[in-house]
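Structure at a glance
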2 protein chains.
Amino acid sequence: MGGDNAPGAIVRGGVDAALGLEDVKVFLVGRKDTIEAEFVKYPPALFQQVQAAIADGRIEVVHAPDVAEMDDAPAKAVRAKRDCSINVAMRLVKAGKADCFVSAGNSGAVSASAMFTLGRIRGVDRPAIATVLPTRLPRRPLLLLDAGANMDCHPEWLVQFAVMGSAYSHAVLNRTTPLVGLLSIGTEDCKGNDLTKSAFPMLKRVDTIDFRGNVEGHDLFQGQTDVVVCDGFVGNVVLKTTESVCHAMGYWMKREFRGNFWRTLGSLLLLGAFKAIKRQVDPEIYGGAPLLGVPGAVVIAHGSSSAKAIYHAIKAGVTGAKNDMTGEISRRIADYELQKKTEEEQKQAEAAAAEALA
Amino acid sequence: MGGDNAPGAIVRGGVDAALGLEDVKVFLVGRKDTIEAEFVKYPPALFQQVQAAIADGRIEVVHAPDVAEMDDAPAKAVRAKRDCSINVAMRLVKAGKADCFVSAGNSGAVSASAMFTLGRIRGVDRPAIATVLPTRLPRRPLLLLDAGANMDCHPEWLVQFAVMGSAYSHAVLNRTTPLVGLLSIGTEDCKGNDLTKSAFPMLKRVDTIDFRGNVEGHDLFQGQTDVVVCDGFVGNVVLKTTESVCHAMGYWMKREFRGNFWRTLGSLLLLGAFKAIKRQVDPEIYGGAPLLGVPGAVVIAHGSSSAKAIYHAIKAGVTGAKNDMTGEISRRIADYELQKKTEEEQKQAEAAAAEALA
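Residues numbered from 1 in each chain as written. Chains lettered and ligands numbered in written order. Predicted model: local features only at pLDDT ≥ 70, side-chain atom pairs only at ≥ 80, totals over all residues. Heavy atoms only, no water.

Examining the sheet that holds strand S8 (residues 227-229) of chain A
Residues and elements named next belong to chain A. Basically, it comes down to this: DSSP calls a pair of strands paired once it identifies at least 2 bridges connecting them. Elements are defined by DSSP. Helices are runs of H or I of four residues or more, strands are runs of E of two residues or more, and each kind is numbered from the N terminus. Helix axes use the C-alpha atoms of the stretch in contact, all axes being lines fitted to C-alpha atoms, and the angles between their N-to-C directions lie in the range 0 to 180 degrees.
With mixed pairing, the 8 strands of this open sheet are ordered in space as S3-S10-S9-S4-S5-S8-S6-S7. Looking along the sheet, the strands with just one partner apiece sit at the ends: strand S3 (100-103) and strand S7 (210-215). Each strand of the sheet is rotated relative to its neighbour by a mean of 25°, with strand direction disregarded. Judged from the 3 bridges that link them, strand S6 (residues 179-183) and S8 form a sheet pairing that is parallel. For Val-180, the partnering residue across the bridge sits in S8 and is Val-227.

So this is what it looks like as structure tokens:
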């Protein structure tokens, strides 16, 4: 029920995933009559396929009587309305009936519902929204987190983001040893604001990640780093700025290309090239953002998601669940917790020894 | 002496400005022999023009024995080396011999030297680096500040940035009533981090600016806002991300356009269109960033500035000085201070009246 193009695009994306992805069952959660009214709009062939999928259980419509209103406080809305569609869908994951959750609803509402229903992975203070961004290298996307779940962060949270991001990059994006960067305003160790300057030495000490120091905005799309951590305010601004620049470039090109006959011809000759670029950077393919730190594969799709974007978000969620992203994150966070505990004990032992000597 | 392409590009940009801009005299400040060695490299005709310009005073080489080393702490370097080129050039402004200052050196060093030599405009807590960014609308660039002078900001500083940015936009960028936005992660009043949530109501109260609320990364290049304020960490990240996206887009296009004969032909037909776009968004033209809040027209050019970028940075500085940007900022900051004082007095008077009644 969530997203700018709901329910049409959301239902259709779910239908496409159920029919198109192998070995996938899709629960469509929301007002039953609203969802079923979408099916009726489909061409007869597709309508029959949907009916067949419902009959053999590949599609299941799950009724949720309420919809969380997004007007003011989304986190409060999901707490107040126990049976809103986000909560009902999240409970399917909690109950083990569904392996992953996808919504194009408000990210604050989804995060709150996930925390409320699923809880957090042990050792995680705050779940973070991770986004996958394309880089110059086709098979080396960048995972940027937090992209908007936590505005004002403690340095320790950034460290946990780095550990969780590494786990996700390893389990889902196939990076054997993901390289981790801290988003800052210079590559020198000392550069940054209070938050990054505190987080830097803490990140350097973590055994389970391969921390490569500060990265700048310049470096984001170079394909040299796999995981970049920052607070959710900065991450969200980066994400939206990136989209904004791409739109502005597209706008400038369209305007200039209409200049005269030769330019129009030129742009037609380049149509294939532009399509190839679009495929590489398409936010509809990259748009599903996993929420890391909750015990379940939760994917937040862009609010303006089309059916195609929902299809790809479901695909991302399925991959995350199949590759046990939650297990990988739990293990790495546990290792990190153990390292912290060991260091703490060592420090205490040293202090005790020093005291005994004195 | 500062910048990646120093001294060649810097000297040449200064020479081009002295010869190309009307009614402009350029002081070239640095090691005299290094600067003069550049002139010798020029083709004979240009060399003679330079000699003629030196003879009639349009170019003056000012010797500065030291260069601030940028390795670790640039702010310290300019304090330690009194006669480094940045300080010597800044003193020309202080003494009234020069109307504006331009450097492609480290922005921290320039800001520190400006504060140290020129001081601050009365009422300004922290000077801010403002950058001019192109938007969809050709004649409506966006002024984003702070772009990197102040990492961790107080809300009050953001308010001063808004007042200074409005003054600059009015005086130099010809906006009669500049619209001001606060960079945040949602357009709703309540969205943001601690800093923006505190700054929001303060910005709303200022009489001398036209505050239009939160703007998102999405909105930056739409041409709907004239001045956008944020802390220097976020501003710097936005700026570098923008550059990074543009570079990545250029890279993807170049790669795809080489695909085959027809694509190459297409890209040749569009050469004019791409050049037109480049002219609009060229960081070499937009690259000069004024430092607002010091009593003098100080422009920080990009570290990687070419001669053309230096030429345009000088042009920006000259425009700033001619349009009395410093005076405009001083007046608006004074008005803002007066408003604060009046409100404070009113509050005290009300409190006194309430007490008298009680």
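Notes on the side chain of Ser-166 of chain B
All names here are of chain B. Condition: We call a residue buried when its accessible area falls under 20% of the maximum for its residue type, exposed when it is over 50%, and partly exposed in between, using a 1.4 Å probe and counting protein chains only. The contact rule is simple, with two residues in contact once any of their heavy atoms fall within 4.5 Å.
By the element assignment, Ser-166 lies in helix H7 (residues 155-171). Judged by its relative accessible area of 1%, Ser-166 falls in the buried class. Excluding residues that lie within four positions of it along the chain, Ser-166 makes contacts with Pro-178, Val-180, Ile-209, Val-227 and Arg-332.

What to know about the interface of chain B and chain A
Filter applied, for reference: Summed over both partners, the accessible area (1.4 Å probe) lost when two parts come together is defined as the buried area. We define a salt bridge as a contact between a side-chain nitrogen of Lys or Arg and a carboxyl oxygen of Asp or Glu at a distance within 4 Å. Any pair of N or O atoms that falls within 3.5 Å is considered a polar contact. Within protein, one atom must be able to donate a hydrogen and the other to accept it, and sequence-neighbouring residues count only if both atoms are side-chain atoms. Gly falls in the polar group here, along with every residue not listed as nonpolar (Ala, Val, Leu, Ile, Met, Phe, Trp, Tyr, Cys, Pro) or charged (Asp, Glu, Lys, Arg).
With 53 residues of chain B in contact, the opposing surface of chain A contributes 54 residues. Of the roughly 5200 Å² buried between chain B and chain A on both sides combined, carbon and sulfur atoms contribute 71%. On the chain B side of the interface with chain A, the three residues burying the most area are Arg-136, Phe-233 and Trp-252 of chain B, jointly 13% of the side's total. If you look at where chain B meets chain A, you find 2 salt bridges. Of the charged contacts, one joins Glu-216 of chain B and Lys-240 of chain A as a salt bridge, the two residues approaching to 2.4 Å between their closest N and O atoms. On inspection of chain B and its partner chain A, the count reaches 8 residue pairs in polar contact (both at pLDDT 80 or more). Ranked by residue count, the leading element in the side of chain B that touches chain A is helix H9 (residues 232-257) of chain B, at 21 residues. Class assignment of the residues belonging to the side of chain B that touches chain A gives a composition of 28 nonpolar, 16 polar and 9 charged.

Examining the sheet that holds strand S8 (residues 227-229) of chain B
Residue and element names in this part refer to chain B. Strand order in this open sheet of 8 strands is S3-S10-S9-S4-S5-S8-S6-S7, and the pairing throughout is mixed. Both edges of this open sheet fall to strand S3 (100-103) and strand S7 (210-215), since each of them pairs with a single strand only. The sheet shows a mean angle of 25° between the axes of neighbouring strands, taken without regard to direction. Inspection of the sheet shows strand S5 (residues 142-145) paired to S8 by 3 bridges, in the parallel sense. In the sheet register, Leu-145 faces S8, and the bridge partner there is Val-229. Its contacts with the sheet put helix H8 (residues 194-205) on strand S6 (179-183), S7 and S8, and the angle it makes with S7 is roughly 160°.

Here's the deal with the relation of the copies chain B and chain A
Threshold: The fit set for superposing copies consists of C-alpha atoms from residues with pLDDT of at least 70 in both; the fit itself is least squares.
With an RMSD of 0.1 Å, the operation that places chain B on chain A is a rotation of 180° combined with a shift of 0.0 Å along the axis. Such a combination of turn and shift is consistent with a two-fold rotation axis. Considering only C-alpha atoms, the residue of chain B closest to the rotation axis is Gly-266 of chain B, which sits at 1.9 Å. Most of the interface of chain B is mirrored in chain A, where 100% of its interface residues again form contacts.

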